[in-house]
Amino acid sequence: MKQLIYLLLVLSPLLIQAQDAAEKVKTPQIITKLKMGNSITFGTKSIEFIKVTEDSRCPSDVSCVWAGQAKVLVNFYEKDMLLEEKEIIIGANTITPDTTKELFKSGEKSVHGYNLSPYPSSNRKIDPSEYFLELLVK
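> Sorry if this is basic, but what is going on with the pairing of strand β8 (residues 132-137) here?
Where a strand is regular, its side chains alternate between the two sheet faces. By the criterion of burial, β8 is predominantly enclosed, with six of the six residues buried. With six bridges connecting them, strand β1 (residues 30-35) and β8 associate as antiparallel partners. Bridging across to β8, Leu34 finds its partner in Leu133. Bridge count between strand β7 (residues 109-117) and β8: six bridges; the pairing is antiparallel. The residue of β8 that forms the bridge with Leu116 is Leu133.

See the structure below:
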């Protein structure tokens, strides 16, 4: 029994040190889903998802030469006053989950374009009411 206690006393500093050396956990990213026709407010600023003007993204079950893109129309407001109507391009060379783009800042938060869902499939037409714009809030 004394040997077991001695062994635990010798090994406990190693176990405690191993936990201190563990990798720090990153702050999770917040993805906000904005349905078409709705708006979301951050402080005094807000963004409204008006409509999808183009969705030529290559369907997930098809091999394409070009990945395609989607274009969405959004309105930016500050204190309920329209600042700008803007077309945002989502696709291989613009906004994707790997390459977000800052759309605006409000206080310490920055809002980035992230993705457009659902992703097209060749066997199903997407109803416009199903679309939602994914925004990354940092």
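There's plenty left to go through after this.
> What am I meant to see in the sheet that holds strand β4 (residues 69-78) here?
What links the strands of a sheet is backbone hydrogen bonding, and the strands pair in either a parallel or an antiparallel sense. Taken together, four strands build an open sheet; the order of strands is β2-β3-β4-β5 and the sheet is antiparallel. Two strands close off the open sheet at either side, each with one partner strand: β2 (39-42) and β5 (81-91). Strand-to-strand, the axes of this sheet are offset by a mean angle of 25°, without reference to chain direction. Relative to strand β3 (residues 45-55), β2 runs antiparallel, the two sharing four bridges. Bridge pairing in β3 places Phe42 opposite Lys45.

> What am I meant to see in the side chain of Glu48 here?
Inspection of the secondary structure assignment puts Glu48 in strand β3. Although buried, Glu48 forms no salt bridge, and the nearest oppositely charged side chain, Lys51, lies 12 Å from it.

> When you look at the pattern of salt bridges in this model, what are you seeing that I'm missing?
Pairs can form between side chains of opposite charge once their charged atoms are near each other. For the coordinates displayed, the defined rule picks out three salt bridges. As a salt-bridge pair, Lys71 and Glu54 come within 3.7 Å of each other at their nearest N and O atoms. Here Lys71 is found in strand β4, whereas its partner Glu54 is found in strand β3, with 17 residues between them in sequence. With relative accessibility at 26%, the residue Glu54 sits in the partly exposed group.

The rules behind the values
- Throughout this document, residue positions are counted from 1 along each chain, in the order its sequence is written.
- Per-residue local features of the predicted model are confined to residues with pLDDT of at least 70, and side-chain atom pairs are confined, for both listing and counting, to 80 or more; whole-chain, interface and lining totals are unaffected and use all residues.
- Excluded from the side-chain calculation are hydrogens and water; included are all heavy atoms of the structure.
- Burial classes follow relative accessibility: with a 1.4 Å probe on protein chains only, a residue under 20% of its type's maximum area counts as buried, one over 50% as exposed, and anything between as partly exposed.
- A run of H or I in DSSP becomes a helix once it reaches four residues, and a run of E becomes a strand once it reaches two; helices and strands are each numbered from the N terminus.
- Pairing between strands requires that DSSP locate at least two bridges from one strand to the other.
- What counts as an axis is a line fitted to C-alpha atoms, over the stretch in contact for a helix, and the angles between N-to-C directions run from 0 to 180 degrees.
- Lys and Arg are tallied as positive, Asp and Glu as negative. Neither His nor the chain termini are counted.
- Think of a salt bridge as a Lys or Arg side-chain nitrogen and an Asp or Glu carboxyl oxygen that are within 4 Å of each other.

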